[in-house]
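A closer look at the structure
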Amino acid sequence: MSLLELRDVHAGYGAVRAATGIDLTIDEGEFVVLLGPNGAGKSTTLRVISGLLSPTAGSVHFRGEDVTRLPGWKRVGLGLGHVPEGRQVFSEHTVEENLQLGFFPHRRDEIRADLEQMYDLFPRLADRSKQLAGTLSGGEAQMLAVARALMSRPSLLMLDEPSLGLAPLKVAELFEYLSRLHQERNLAILLVEQQARTALQLAERGYVLERGRVVVSGPGAELRDDPRVQAAYLGG
Ligand code: ATP
């Protein structure tokens, strides 16, 4: 049984049809990348999975359970974490308050332990725990957005273009964290990323979306060698 399964998902915004029949699966602990040109429907797909957008047709199953009509907050409780595009942190709150807001009430006495785990993973956030999130650098804010999503203990973490606006060194650092999380915690990851070359090195499998549909999918290495992927995304 797959961890996540999308069957023939259609979704849109009024007259705009952004997803027109998406089939996608992710296994437990798998690292999957979602590629595609601007407007292909990548963010829309993540929104449908996390429950921010209801599909007009098709279904979403998580751990075998049909979650298509389940509210987003309940999906967080089931283990679906989403870091939307643009690292939306609460600027007027401190780093630690942002992390606390990501905590999904498992047991209140466990919150301290979860916070400490995040500080171990991202020591920079520990140094800045009392700082207002709005004053963090771009890279720090992105780490905070990832750490906040991890506070709900997801088994699938979805990230929407986390590298956007980050300096190359910061991108490398963020991807290193993602790899570690994936390997050490067996965390499944669905990554939307424009930096296709790097993403395909990290991911075990990938999908390419165009105009709301999957046009190519397969293991990362296979996609790297695919002439269509090379021409469109790898400058080959
Ligand atoms: P990008 O790489 O540019 O972020 P994407 O692959 O993530 O693109 P989506 O953001 O999913 O693409 O958008 C798919 C289509 O839906 C686009 O045509 C977009 O203009 C449209 N769209 C997205 N959000 C909205 C919205 N809130 N209202 C109306 N149309 C929208």
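What comes next is a walk through the structure. (Residues numbered from 1 in each chain as written. Predicted model: local features only at pLDDT ≥ 70, side-chain atom pairs only at ≥ 80, totals over all residues. Heavy atoms only, no water.)

Let us look at helix 6 (residues 138–150). The first and last C-alpha atoms of helix 6 sit 19 Å apart over 13 residues, in line with the 18 Å expected at 1.5 Å per residue. Most of helix 6 is tucked away, with twelve of its 13 residues classed as buried. When we look at burial in helix 6, the residues that qualify are Gly139, Glu140, Ala141, Gln142, Met143, Leu144, Ala145, Val146, Ala147, Arg148, Ala149 and Leu150. Summarising the contacts, the buried residues of helix 6 are in contact with strand 6 (80–83), helix 3 (95–102), helix 4 (111–121), helix 5 (123–127), strand 7 (156–160) and helix 7 (168–185). (Helix = DSSP H or I, 4+ residues; strand = E, 2+ residues; numbered from the N terminus. Expected span 1.5 Å × (residues − 1). Buried < 20%, exposed > 50% of the residue type's maximum accessible area, 1.4 Å probe, protein only. Contact = heavy atoms within 4.5 Å.)

On to the sheet that holds strand 9 (residues 205–210), then. As summarised here, the arrangement of the six strands in space is 6-7-8-3-9-10, forming an open sheet in which the pairing is mixed. At either margin of the open sheet sits one strand with a lone partner, and together these are strand 6 and strand 10 (213–219). Averaged over all pairs of adjacent strands, the angle between strand axes in this sheet comes to 15 degrees, irrespective of strand direction. Bridge count between strand 6 and strand 7: four bridges; the pairing is parallel. Note on strand 7: the bridge partner recorded for Leu80 is Leu156. Its contacts with the sheet put helix 6 on strand 6 and strand 7, and the angle it makes with strand 6 is roughly 165 degrees. The strands that helix 7 touches are strand 3 (31–35), strand 7 and strand 8 (188–192); relative to strand 8, the one it contacts most, it runs at about 155 degrees. (Pairing = 2+ DSSP bridges. Axes fitted to C-alpha atoms, helices over the stretch in contact; angles between N-to-C directions.)

Turning our eyes to something else, we now look at the pairing of strand 8. The buried fraction of strand 8 amounts to five of the five residues, a majority that puts the element mostly inside the structure. Here strand 8 shows a buried face lined by Ala188, Leu190 and Val192 and a second buried face lined by Ile189 and Leu191. Examined bridge by bridge, strand 3 and strand 8 share four bridges and lie parallel to one another. Bridge pairing in strand 8 places Val32 opposite Leu190. Sheet analysis places strand 7 next to strand 8, joined by five bridges and oriented parallel. The residue of strand 8 that forms the bridge with Asp160 is Val192. Handedness of the crossover joining strand 7 and strand 8 through helix 7 is recorded here as right-handed. (Right-handed = clockwise from strand over helix to strand, strands pointing away.)

Let us now look at the sheet that holds strand 2 (residues 16–26). Here we have four strands laid out as an open sheet, ordered 2-1-4-5, and antiparallel in their pairing. Each edge of the sheet is formed by a strand with only one pairing partner; in this case those strands are strand 2 and strand 5 (65–66). When strand 1 (residues 4–13) meets strand 2, the two strands line up antiparallel, connected through eight bridges. Looking at strand 2, one finds that Tyr13 is bridged to Val16.

Glancing now at the side chain of Glu96. Assignment of secondary structure puts Glu96 in helix 3. Residue contacts for Glu96: discarding those within four places in its chain leaves Arg112, Leu115, Tyr119, Ser129 and Lys130.

As a further point, take the site of the ligand. Taken together, the neighbourhood of the ligand is formed by 15 residues, with Asn38, Gly39, Lys42, Ser43 and Thr44 sitting nearest. Contact between the ligand and Thr44: an oxygen atom at 2.5 Å from a side-chain N or O atom of the residue. The protein chains hide 63% of the 640 Å² of surface that the ligand would expose on its own. Spatially, the ligand is embedded in the second largest pocket. Elements with a contribution of two residues or more to the shell around the ligand: strand 2 and helix 1 (42–50). In terms of residue class, the shell around the ligand is made up of five nonpolar, six polar and four charged. (Near = heavy atom within 4 Å. Polar contact = N/O pair within 3.5 Å; in protein donor to acceptor, adjacent residues only side chain to side chain. Areas by Shrake-Rupley, 256 points an atom, 1.4 Å probe, with all protein chains shown as cover. 1 Å grid on protein atoms, 1.4 Å probe; cavity = no way out; pocket = protein on both sides within 12 Å on 5 of 7 lines; lining within 4 Å. Sits in = over half its atoms within 2 Å of the grid points. Nonpolar A, V, L, I, M, F, W, Y, C, P; charged D, E, K, R; others polar.)

Nothing here speaks to function; it is geometry throughout.
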